[in-house]
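One-letter residues, chain by chain:
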Amino acid sequence: MPDALRVGMAGLGTVGVGVLRLLESNRDLVRARAGRGIEVVAVSARDRSKDRGVDLSRVRWADSLAELASDEDCDIVVELIGGAEGDALDLARAALSQGRGLVTANKALIAHHGLEMARLAEENAAPLKFEAAVAGGIPVVAGLREGAAANAIERIYGILNGTSNYVLSEMEASGADFGDVLADAQAMGYAEADPAFDVDGTDAAHKLAILAAIGFGSRIDFDAVSVSGIAEVRAADIAHARTLGFVIRLVGVADCEDGPEGARLLQRVRPCLVPKQHPLAHVTGPTNAVVAEGDFAGRLLFQGAGAGAGPTASAVVADLIDIARGRTGHPFSLPVDSLVAMERADPGHRVGRDYIRFTVADRPGVLAEITAAMRDAGVSIESLIQQGRAQDGNGVLVAMVTHEGEERCVRHALELLEDSDSLTAAPLVLPILRD
Ligand SMILES: NC(=O)c1ccc[n+]([C@@H]2O[C@H](COP(=O)([O-])OP(=O)(O)OC[C@H]3O[C@@H](n4cnc5c(N)ncnc54)[C@H](O)[C@@H]3O)[C@@H](O)[C@H]2O)c1
Ligand SMILES: N[C@@H](CCO)C(=O)O
Ligand code: NA
């Protein structure tokens, strides 16, 4: 075993520079825990001349990512470029197929190509690790894969995107609308390269798909995640939720149910009403939190910084320490051929409660029309909030919370109202998170 684990690093942005700083600052501690040094010997980034505030004088610049992937002086490639396709994917494929280990913070890459990556890693006896890809510095990948390894996992859910959680909790604290706080969140440096991914739920969906694959031992299936983001959530919904005893959070939920032909997996990312006493209700700002329910461990809560240079670097270097120690394991907890291709569960028969917000014309009989549709679809209403009179010609908001019932009933009620000219905008349905 060579004295140091030699790393070739691609990408010197927020996370890349964070990794270099951590390795510099905690050099002795990392060496002690890794059993040997961890040295970045080569790098590749777009701009060689940029001052990044870190010492790169002893590091070799690779002329291309292909050169980095085939560099005989590197044991491991650390990919910190980002993006599911293109350069990051080419680099990952090239590194693993040449027997070089891969550490990445790239959830898009793993969500889309995780199975292929795991297969390549297995075939080439190369380690593959991605702790930083899910909830940044929170050791939830290792927590699920190793700490909770003795459990059958029943449900995994959590707040998986810091940007959207910051937006929602700022809207809650200040009463501001979505657009007013989004720019602040993006200025914090946590935004994805495509910033739409943060608010439209895609980033959280990438992370949820990874967690589900690890927790349930299934083949990663990002396309099966149903996703809705936070752009439709208004200040009024947050105010209604507060009145009813809830906060609104973007929550990814994955669970398994038994079906006639084996287990079926349901993966969804949606803004949810979270009861004020639930641990996720207290997660504010860019913090992430993940709950895993194990059959023996019970409810496990992982919480911390899901983004930022320091926390994300902490996860990248933890992976490097594991590799240096020879603790590699299966990336998704099982050998690739043992991962199950799970059917998708039909949510229609799932039982739950919903918050539904209608925007309606301010005229007599509208409420009766809505409640008649609810009655005809078999939806029972638990509470209802109606705003005063329409002020701006945009209609009045009517919000309700349903009693427990099958999801398909709410869907049917909304279908009955689809052509109604009493509704001046599409209704918003937010599920109430099951405790
Ligand atoms: N920023 C965070 O808080 C955070 C947290 C968790 C995971 N991540 C993930 O980490 C990865 C990196 O994120 P970041 O925030 O550091 O991004 P960034 O935009 O700050 O840095 C990306 C770096 O990659 C370089 N790059 C892009 N294309 C390249 C190419 N073809 N060859 C060489 N270098 C190239 C850029 O020049 C830049 O230095 C992404 O996958 C991201 O999703 C980021
Ligand atoms: N854009 C992500 C960064 C961490 O993955 C977030 O806001 O949580
Ligand atoms: Na993590």
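Every value quoted in this text rests on a predicted model; they were computed, and no experiment measured them.

Q: How would you sum up the domain arrangement of the chain? Please name residues and give values.
A: Once the domains are mapped, the chain shows domain 1 (4–133), domain 2 (140–306 + 330–347) and domain 3 (350–431). For domain 1 versus domain 2, the separation of C-alpha centres amounts to 27 Å. Contact with domain 1, which involves 15 residues of that partner, is made by 20 residues of domain 2. In total, about 1600 Å² of surface goes out of reach between domain 1 and domain 2, with carbon and sulfur atoms giving 63% of it. D337 is the partner of R119 in a salt bridge, and the nearest nitrogen-oxygen pair spans 3.3 Å. On inspection of domain 1 and its partner domain 2, the count reaches six residue pairs in polar contact (both at pLDDT 80 or more). Breaking the side of domain 1 that touches domain 2 down by element, the ones donating at least two residues are α5 (107–123) and β6 (128–129). Element by element, the count of residues in the side of domain 1 that touches domain 2 is highest for α5, at 10 residues.

Q: Explain the coordination of the sodium ion (ligand 3) to me, and be specific about the residues and the numbers.
A: The reference angle at a metal is 109.5 degrees if four donors form a tetrahedron and 90 or 180 degrees if six donors form an octahedron. E131 (O), E131 (OE), V134 (O), G136 (O) and I138 (O) make up the full set of protein donors to the sodium ion (ligand 3), lying at 2.4 to 2.6 Å. Each donor residue of the sodium ion (ligand 3) belongs to the same chain, with the gaps between them written as E-x2-V-x1-G-x1-I. Neither E131 nor V134 differs from the other in exposure class; each is buried.

Q: How would you sum up the site of ligand 2? Please name residues and give values.
A: Around ligand 2 sit K107, N161, G162, T163, Y190, E192, D198, D203, K207, G306 and A307, and that is every residue in its neighbourhood. Within the side chain of T163, an N or O atom sits 2.6 Å from an oxygen atom of ligand 2. Between ligand 2 and the protein, one listed contact pairs an oxygen atom with a side-chain N or O atom of K207 at 2.8 Å. Here ligand 2 has 250 Å² of accessible area as a free molecule, and 94% of this is covered by the chains. The cavity that encloses ligand 2 is the largest pocket. Taken together, the elements giving at least two residues each to the shell around ligand 2 come down to α7 (162–174) and α10 (202–216). Class assignment for the residues of the shell around ligand 2 results in two nonpolar, four polar and five charged.

Calculation criteria
- Residues numbered from 1 in each chain as written.
- Chains lettered and ligands numbered in written order.
- Predicted model: local features only at pLDDT ≥ 70, side-chain atom pairs only at ≥ 80, totals over all residues.
- Heavy atoms only, no water.
- Domains from an automatic or database assignment.
- Contact = heavy atoms within 4.5 Å.
- Buried area = accessible area lost by both parts, 1.4 Å probe.
- Salt bridge = Lys/Arg side-chain N within 4 Å of Asp/Glu carboxyl O.
- Polar contact = N/O pair within 3.5 Å; in protein donor to acceptor, adjacent residues only side chain to side chain.
- Helix = DSSP H or I, 4+ residues; strand = E, 2+ residues; numbered from the N terminus.
- Donors = N, O, S within 2.8 Å, 3.2 Å for Na, K, Ca; no water.
- Buried < 20%, exposed > 50% of the residue type's maximum accessible area, 1.4 Å probe, protein only.
- Near = heavy atom within 4 Å.
- Areas by Shrake-Rupley, 256 points an atom, 1.4 Å probe, with all protein chains shown as cover.
- 1 Å grid on protein atoms, 1.4 Å probe; cavity = no way out; pocket = protein on both sides within 12 Å on 5 of 7 lines; lining within 4 Å.
- Sits in = over half its atoms within 2 Å of the grid points.
- Nonpolar A, V, L, I, M, F, W, Y, C, P; charged D, E, K, R; others polar.

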